[in-house]
Amino acid sequence: MHSNSHLKQFINHPEQLVRFGMYDYFTDFRNADTEIRQELIKRLAETNGRQERLRIIRCLGQNTPDAEVFAALARLLPGDRRVYQAISDCVDEMPLDFLKELTADKLQFLVSEKHNSGFSPQEYLDIKKKLSETATQDLWNLVWEYSEECRENDDSFSEDKIEKTIRELCSRPDFPLDDYRAVWLKDYDKEYDGYDDVILCMMAGELLDDEAIDSLLRFITDYDPLTYVGGQAQKTIDCYDSAAVPRRVESIYFSCPDEVRMGLAFALTNNSSAEAGELLLRLLDSEQDLAVKTVFACSLADRFCSEALERQVAMLPDGYDRMFDELEPKLYVSHLVNGIEHQDMSKWLRLGKETLAKIASFDEDTQQQPILLREPNIKENTVPAIVSAQSKTGRNEPCPCGSGKKYKKCCGK
């Protein structure tokens, strides 16, 4: 993969398609250093375009946002509601002292957009403060009590309800690692009807625990991605940059049926390790399924892999799975980043501009989803539940979050 110092120049490229390619790169691989973050903050202040702002906000939120980032986001408030929605994704990571400095109306809107709740700003701050002051062992007990409660009341599990507690628990230096390992030793087969396995996946994503990789991949291969555990395992493995992931994927890939290989392919797409890139290249040559091959080709283009360019271009005449993504605009950016000319670059650029125009049009025409507010119900040592009203988005439609990606490659993963 290219160095950040090389990629920095393209953040301010005159072509929007190229800038968006940079934002997506640093969003997917979460590798923006301080210098890149400062460049993104500068760009955020200079642009008035909604789509560009949304992509930059999402990128900053994926790259360990700090006080400087939070301050830059706060300067955008009040503003476009879609901008509010994008900033609200960072609200749980914002420190208490920073949140207290926001005006009540700004905080209220951010909390409502993030949690679709009826909490007042003070109630939200109290919940956040309560979690930070709760003893680690008590947080641990709360998590498993919630899991058992959901097991007794089937279909009551909510990832949103427990994620803040898990995030706080896993950030503690005295996290009970031995107890966590012991829970993993249970036999979570297809007959298991509880939620411990889902919670373990969520914890593994916070800890980036290499010892959990085999179990995560087993959940991906054994369960439909629409199930709680299958979906959470996929979401978790997407967070890993460990070279252990491609090594484990390669060891099982060719023994899996086509419908399972897609999940394993997605396990590699956001992994920035050199081993992941090398495996993607090998699989691009050997994979026969067109949809999975398209995933590999697009992922290599997203990481600006020069070694894949000829093979990717060779896929264009015979077609690829356009239901997944468009390869030509990615190839334009990848050729540009690598300093390589191609006779069809102007055509690829035109296709990319047309796609961005469609995304912008969809964004303007999309009706905002309603938010159901409810009376707060704060119990001692618990995190309030979420009430959400969200219509079904097609997997090949632009993601409603405003990222510009298709739903299945973004929030629909």
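Residue numbering note: each chain is counted from 1, following its sequence as written. Only residues with pLDDT of at least 70 are given local features in this predicted model, and only at 80 or more are side-chain atom pairs given and counted; all residues enter the totals for whole chains, interfaces and linings. Hydrogens are left out, water is left out, and the side-chain values use all remaining heavy atoms of the structure.

1. So, unusual backbone geometry
Phi at R30 is positive, roughly 50°, even though this residue is not glycine. With respect to the element layout, R30 can be found in the loop between α2 (16–29) and α3 (34–46). Each residue's exposure class comes from its accessible area (1.4 Å probe, protein chains only) as a fraction of the maximum for that residue type: buried when under 20%, exposed when over 50%, partly exposed otherwise. Look at R30 and you get partly exposed, because its relative accessible area is 25%. Positive phi, normally seen in glycine, also occurs at L208, with a value near 50°. Structurally, L208 can be placed in the loop between α13 (196–207) and α14 (213–222). Its relative accessible area of 41% is what places L208 among the partly exposed residues. Numbering goes from the N terminus for both helices and strands, where a helix is a DSSP run of H or I of at least four residues and a strand is a run of E of at least two.

2. Thoughts on the packing of α14 against helix α16 (residues 244–253)
Look at α14 against α16: their axes get within 10 Å of each other, and the N-to-C directions meet at 45°. In terms of orientation, α14 and α16 fall into the oblique class. As for the relative orientation of α14 and α16, their crossing is right-handed in sense. When α14 is examined against α16, the residues I213, D214, L217 and T221 are found in contact with a partner set consisting of A244, V245, R248, V249 and I252. Each residue gets one of three labels, nonpolar for Ala, Val, Leu, Ile, Met, Phe, Trp, Tyr, Cys and Pro, charged for Asp, Glu, Lys and Arg, and polar for the others, Gly among them. Across the contact of α14 with α16, the residue classes tally to six nonpolar, one polar and two charged. Only the contacting stretch of a helix is used when fitting its axis, a line to C-alpha atoms as for every element, and angles between N-to-C directions run 0 to 180 degrees. Put simply, angles under 35 degrees are roughly parallel, angles over 145 are roughly antiparallel, angles from 65 to 115 are roughly perpendicular, and the rest are oblique. Take the far helix as your reference; a near helix turned counterclockwise from it by less than a right angle gives a left-handed crossing, and one turned clockwise gives a right-handed crossing. Contact criterion: two residues are considered in contact whenever any of their non-hydrogen atoms come within 4.5 Å of each other.

3. Focus: the pattern of salt bridges
Working definition: two side chains of opposite charge can pair if their charged atoms are close together. When a carboxyl oxygen of Asp or Glu is within 4 Å of a side-chain nitrogen of Lys or Arg, the pair counts as a salt bridge. Taken as a whole and assessed by the stated rule, the structure comprises 21 salt bridges. The closest approach of N and O atoms between E35 and K8, which form a salt bridge, is 2.6 Å. Here the residue E35 occupies a position in helix α3, and K8 occupies one in the loop between α1 (4–7) and α2, the gap between them amounting to 27 residues. Judged by its relative accessible area of 24%, K8 is partly exposed. A salt bridge links D325 to K330; its shortest N-O distance comes to 3.4 Å. Take D325: its relative accessible area is 15%, and that puts it in the buried class. Here the salt bridges do not stand alone but share partners, grouping R19, R43 and E52 into one network.

4. What about the side chain of D209?
Counting through the fold element by element, D209 comes out in the loop between α13 and α14. Assessed through its relative accessible area of 7%, D209 is described here as buried. N or O atoms closer than or at 3.5 Å make up a polar contact, with two conditions inside protein: a donor-capable atom paired with an acceptor-capable one, and, for residues adjacent in sequence, both atoms drawn from side chains. Looking at D209, its side chain comes within polar contact range of the main-chain nitrogen of E211, at 3.1 Å. Residue contacts for D209: discarding those within four places in its chain leaves Y180, R181, W184, A204 and Y240.

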